[in-house]
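Summary of the model geometry
Now for the letters of each chain:
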Amino acid sequence: MDTKIGALDVCKPASNEVGCLPNGTAMAIQNSVPSTVINSSEATLGRHLARRLVQIGVTDVFTVPGDFNLTLLDHLIAEPGLTNIGCCNELNAGYAADGYARSRGVGACVVTFTVGGLSVLNAIAGAYSENLPLICIVGGPNSNDYGTSRILHHTIGLPDFSQELRCFQTVTCYQAVVNNLEDAHESIDTAISTALKESKPVYISISCNLAGIPHPTFSREPVPFSLSPRLSNQWGLEAAVEAAAEFLNKAVKPVMVGGPKLRVAHAGDAFVELADASGYALAVMPSAKGLVPEHHPHFIGTYWGAVSTAFCAEIVESADAYLFAGPIFNDYSSVGYSLLLKKEKAIIVQPDRVTIANGPSFGCVLMKDFLRALAKKLNHNNTAHENYRRIFVPDGHPLKCAPREPLRVNVLFQHVQKMLSSETAVIAETGDSWFNCQKLRLPAGCGYEFQMQYGSIGWSVGATLGYAQAVPEQRVLAFIGDGSFQVTAQDVSTMIRNGQRTIIFLINNGGYTIEVEIHDGPYNVIKNWNYTGLVDAIHNGEGKCWTTKVRYEEELIEAIETATGDKKDSLCFIEVIVHKDDTSKELLEWGSRVSAANSRPPNPQ
């Protein structure tokens, strides 16, 4: 019986590659100005932390105030290079830091002890699953209360203050509890450097009475610290390249597929170099959309098993060799473990390991080094891409809506495609927007983000806030279902408050459509809101905001013209009313397969 990769747990470059270490060098995190003596009033723990954030590229921090972090916030916002973005709740602050990190390479949020920490926890878990460096800062208890039998507010009523820390230990790669000044400098530096090296979130708790106290370790500009570079084992690298080249050069029609861990490996450019040199047909896994240029001449679309881009799956699954760079094969990306891939045909390249077919496996080999070295060893072979060109038939266009005919989702996205450029970015919420946005063809420079591994409904509202704050020169187009929007709607307020120009397409189909296609029930129907009325109320005449409802194609065309014309400098909220059963064909197929995987009976014991 063939071993299928889709059934196994097989072991976009940021615009600002903070934490991306050049091979063979250490990266110093430091200011561009020489160290100078700081006034004693500024030589505080809070100002030190603020300067460190600015040094790694964080110029905006997403916060929710609480009594344990108020003094810390005073000192953070006193830093000229740091802007405070006050959010409506901790969950959205965490999602915003997630979206920010996707563009900047690192993000940060600040909340209060336990009630804030446990609220932001879900967002931190999502960032962990997506390999995003995120600094989660919590204002903690007074340092004098540690080790006592006192019971504090905002806790579960026990004198043990470690509940929050223990929760964060499972979703962060490092935890620093700063309750004294002597080692605060070292604890903060270690936490931040670990986040950058591991590309995962970290947790920093700062006692509420320490943030404003000067200390000699903070009396100068922070001493630069270096991040030790990750290096490939040279012998292992050479052996891996030799074995992979021999394997691929014997193949008749090899292909290559990019996965989501291209981001954490900072290997996007190296992946494209390999595609250029090899001539192979080039595809991406759905969660890697936006990490590989879709204008590449050998790009054939998204490989997603039965719901792939037209003709893409046929080319990938019929190949006699495939190289997957940074894949994650989970039940969603494998469409219920139904991929028609064979392990003996695959080279799996993870950020620091290469596995060829059923073996051997080479450790301590960095993806970026491996792909670049392999590009020099491969024979040019464009057979798979030529086969794709032979069988490819251009997509048909949706039937044009008749006047006053209810708008269809496929017609909506036909118009969205025309809006995309290097000056836009797409954020796709969990749900049918996954599948509809996946079919968009991204022009050069157009950003694209969604959260596939964690798939937290409501993620996109906060992520849109954070992403738009990180790259104000790009206009974000966010596609959010009504069910998801109800989870996190409040921080549209923060978008307006900060003058963002996002266009939100609220797709109102009356419920949790993605869950309907997996398993339907009355719990998937939600109370309909007057969504434009809600956003108008949030706007309340302060800031720039424009809303409209569209039910027909002609109204959609007019709305897009207004949003990109007269209201181009405003936040635009377009509520699109569609039928509850108007879904992509990909969702129907994917939902049935995931449902089958979820409902497998228990194996006999």
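Residues numbered from 1 in each chain as written. Predicted model: local features only at pLDDT ≥ 70, side-chain atom pairs only at ≥ 80, totals over all residues. Heavy atoms only, no water.

1. Quick word on the overall build of the protein chain
Using the following cut-off: The helix and strand labels rest on DSSP assignments: H or I over at least four residues marks a helix, E over at least two residues marks a strand, and numbering proceeds from the N terminus. Using C-alpha atoms as the atom set, the radius of gyration is obtained and then compared with a globule rule of 2.2 Å times the number of residues to the power 0.38. Accessibility here uses a 1.4 Å probe with only protein chains present; expressed as a share of the type maximum, an area under 20% marks a residue as buried, one over 50% as exposed, and anything in between as partly exposed. A 1.4 Å probe and the Shrake-Rupley method give the accessible areas. Residues count as covered only by the protein chains that appear here. Charge counting treats Lys and Arg as positive and Asp and Glu as negative, with His and both chain ends excluded. In plain terms, the charge of a residue is placed at NZ if it is Lys, CZ if Arg, CG if Asp and CD if Glu.
Along the protein chain, the regular secondary structure elements total 20 helices and 21 strands. Computed over C-alpha atoms, the radius of gyration of the protein chain comes to 25 Å, within 12% of the 25 Å expected from 2.2 N^0.38 for 605 residues, which places it in the range of a compact globule. Along the three orthogonal principal directions, the C-alpha set of the protein chain runs to about 70 × 65 × 55 Å. Classification of the 605 residues of the protein chain by burial places 58% in the buried group. Of the roughly 23,900 Å² that the protein chain leaves accessible, carbon and sulfur atoms contribute 52%. Of note, the protein chain has its 47 positive side-chain charges centred 4 Å away from the centre of its 61 negative side-chain charges.

2. A closer look at the pattern of salt bridges
The line we're drawing: A carboxyl oxygen of Asp or Glu within 4 Å of a side-chain nitrogen of Lys or Arg is what we treat as a salt bridge.
Summed over the entire model, instances satisfying the criterion amount to 17 salt bridges. Two residues, Arg52 and Asp189, come together in a salt bridge whose shortest N-O distance is 2.7 Å. Taken together, the positions of Arg52 in helix α1 (residues 45–55) and Asp189 in helix α6 (residues 184–198) put the pair 137 residues apart, joining distant regions of the chain. Residue class for Arg52 comes out buried when judged on its relative accessible area of 0%.

3. Some thoughts on the pairing of strand β13 (residues 346–350)
Counted only if it meets this: By definition, two strands form a pair when at least two bridges between them are found by DSSP.
Of all 5 residues making up β13, 5 are buried, and the element is well covered by its neighbours. Note: strand β12 (residues 322–325) against β13, 4 bridges, orientation parallel. Bridge pairing links Phe324 to Ile348 in β13. Inspection of the sheet shows β13 paired to strand β14 (residues 353–356) by 4 bridges, in the antiparallel sense. Bridging from a neighbouring strand, Val349 pairs with Val354 of β14. Between the end of β13 and the start of β14, which pair antiparallel, lie 2 residues.

4. Things to note about the packing of aromatic side chains
What counts, and what does not: Side-chain rings of Phe, Tyr and Trp (the six-membered ring for Trp) are treated as a pair once their centres are within 6.5 Å; stacked means planes under 30 degrees apart, edge-to-face means over 60, and tilted covers the remaining angles. Criterion for a charge above a ring: Lys NZ or Arg CZ within 6 Å of the ring centre, and within 35 degrees of the ring normal.
Applying the stated criterion across every chain yields a total of 22 aromatic pairs. Measuring from centroid to centroid gives 5.9 Å for Phe311 and Phe392, while their planes differ by 70°, and the two rings are edge-to-face. With Phe311 in the loop between β11 (299–302) and α9 (312–318) and Phe392 in the loop between α11 (383–391) and α12 (409–419), the pair connects residues that are 81 residues apart, well separated along the chain. Joined through ring pairs, the aromatic side chains of Trp304, Tyr332, Trp434, Phe435, Tyr448, Phe450 and Trp590 make up one cluster. If you follow Lys200 out to its NZ or CZ, it ends over the ring of Tyr128, 4.0 Å from the centre. Over the ring of Tyr448 we find Lys289, and its NZ or CZ is 5.4 Å from the ring centre.

5. Quick word on unusual backbone geometry
Here the residue pair Gly359 and Pro360 is connected by a cis peptide bond, since its omega of 5° sits within 30 degrees of zero. Inspection of the secondary structure assignment puts Pro360 in the loop between β14 and β15 (361–363). Its identity as a non-glycine residue notwithstanding, Ser199 has a phi of 55°, on the positive side. The class of Ser199 is buried, set by a relative accessible area of 11%. Even without being glycine, Ala357 reaches a positive phi, approximately 50°. Tracing the backbone through its elements, the reader meets Ala357 in the loop between β14 and β15. Assessed through its relative accessible area of 12%, Ala357 is described here as buried.

6. Focus on the sheet that holds β14
Spelled out, the test is: Orientation is described by lines fitted to C-alpha atoms, with helices fitted over the stretch in contact, and by angles between N-to-C directions that extend from 0 to 180 degrees. Contacts are assigned to residue pairs with any non-hydrogen atoms lying within 4.5 Å of each other.
Read across the sheet, 7 strands follow the order β11-β10-β9-β12-β13-β14-β15 without closing on themselves; strand pairing throughout is mixed. For this open sheet the edge positions go to β11 and β15, each flanked by a neighbour on one side alone. Averaged over all neighbouring strand pairs, the angle between strand axes comes to 15°, with direction disregarded. Across the sheet, helix α10 (residues 367–375) touches β12, β13 and β14, and the angle it forms with β12 is around 145°.

7. Describing the UniProt feature "domain: Thiamine pyrophosphate enzyme central" (unreviewed entry) in the protein chain
Our working definition: UniProt positions are given in the numbering used here, feature names are shortened, and annotations may be inferred rather than shown by experiment.
Within the UniProt annotation, "domain: Thiamine pyrophosphate enzyme central" (unreviewed entry) is assigned to residues 241–358. For the annotated span residues 241–358, helix accounts for 23% and strand for 21% of the residues, and the straight-line distance between the end C-alpha atoms is 16 Å.

8. Some thoughts on the sheet that holds strand β16 (residues 424–428)
Here 6 strands make up an open sheet; going across it, the order is β17-β16-β18-β19-β21-β20 and the pairing parallel. This sheet does not close on itself; its edge strands, each paired only once, are β17 (447–450) and β20 (545–550). Between one strand axis and the next, the sheet turns through 15° on average, direction left out of account. With 5 bridges joining them, strand β18 (residues 475–481) and strand β19 (residues 503–508) adopt parallel strand pairing. Each bridged residue has a counterpart across the sheet, and for Ile480 the counterpart in β19 is Leu506. Strands β16, β18, β19 and β21 (571–577) of the sheet are contacted by α12, whose axis makes an angle of about 170° with β19. Across the sheet, helix α19 (residues 553–564) is in contact with β18, β19, β20 and β21; its angle to β20 comes to roughly 170°.

9. Notes on the nonpolar core
Heads up, the rule is: Put simply, a nonpolar core is a bunch of buried Ala, Val, Leu, Ile, Met, Phe, Trp, Tyr and Cys residues held in one set by side-chain atoms that sit within 4.5 Å of each other.
Judged by nonpolar contacts, the single largest core of 98 residues is most densely connected at Phe62, Phe413, Phe485, Phe505, Ile574 and Trp590. Counting residues in hydrophobic clusters, the runner-up holds 38 residues, among them Ala267, Ala288, Leu323 and Val349.

10. Quick word on the side chain of Thr424
For the record, the criterion: What qualifies as a polar contact is a pair of N or O atoms within 3.5 Å, subject to a donor-acceptor requirement within protein and to the restriction that residues adjacent in sequence count only when both atoms come from side chains.
Within the element layout of this structure, Thr424 appears in strand β16. A residue is classified by how much of its surface remains accessible, and Thr424, at 7% relative accessible area, is buried. Reaching out from Thr424, the side chain makes a polar contact with the backbone oxygen of Ser421 at a distance of 2.9 Å.

11. Some words on helix α18 (residues 531–539)
We apply this condition: Each C-beta atom gives one direction from the helix axis, and the arc is the one those directions make.
Of the residues making up α18, those classed as buried are Tyr531, Thr532, Val535 and His539. Taken down its axis, α18 places every buried residue within 100° of arc, on the same side. Positive backbone phi, approximately 55°, marks Asn540, located one or two places after α18.

12. Structural notes on the environment of Ala251
Considering the arrangement of structural elements, one finds Ala251 in the loop between α7 (234–249) and β9 (255–258). With 69 residues separating them along the chain, Ala251 and Asp320 place their C-alpha atoms 6.0 Å apart. The residues contacting Ala251, other than those within four sequence positions of it, are Asp320, Ala321 and Asn381.

13. Re the packing of helix α3 (residues 90–104) against helix α14 (residues 459–470)
To keep things clear, this is the line we draw: Angle categories: roughly parallel below 35 degrees, roughly antiparallel above 145, roughly perpendicular from 65 to 115, and oblique for all the rest. In this scheme the crossing of two helices becomes right-handed for a clockwise turn of the near helix relative to the far one and left-handed for an anticlockwise turn of less than a right angle.
Packing of α3 against α14 leaves a shortest axis separation of 6 Å and a crossing angle of 45°. By the angle between their directions, the pair α3 and α14 is classed as oblique. Relative to α14, the crossing made by α3 is right-handed. In contact with Asn92, Tyr95, Ala96, Asp98, Gly99, Tyr100, Arg102, Ser103 and Arg104 of α3, α14 contributes Trp459, Gly462, Ala463, Leu465, Gly466, Tyr467, Gln469 and Ala470.

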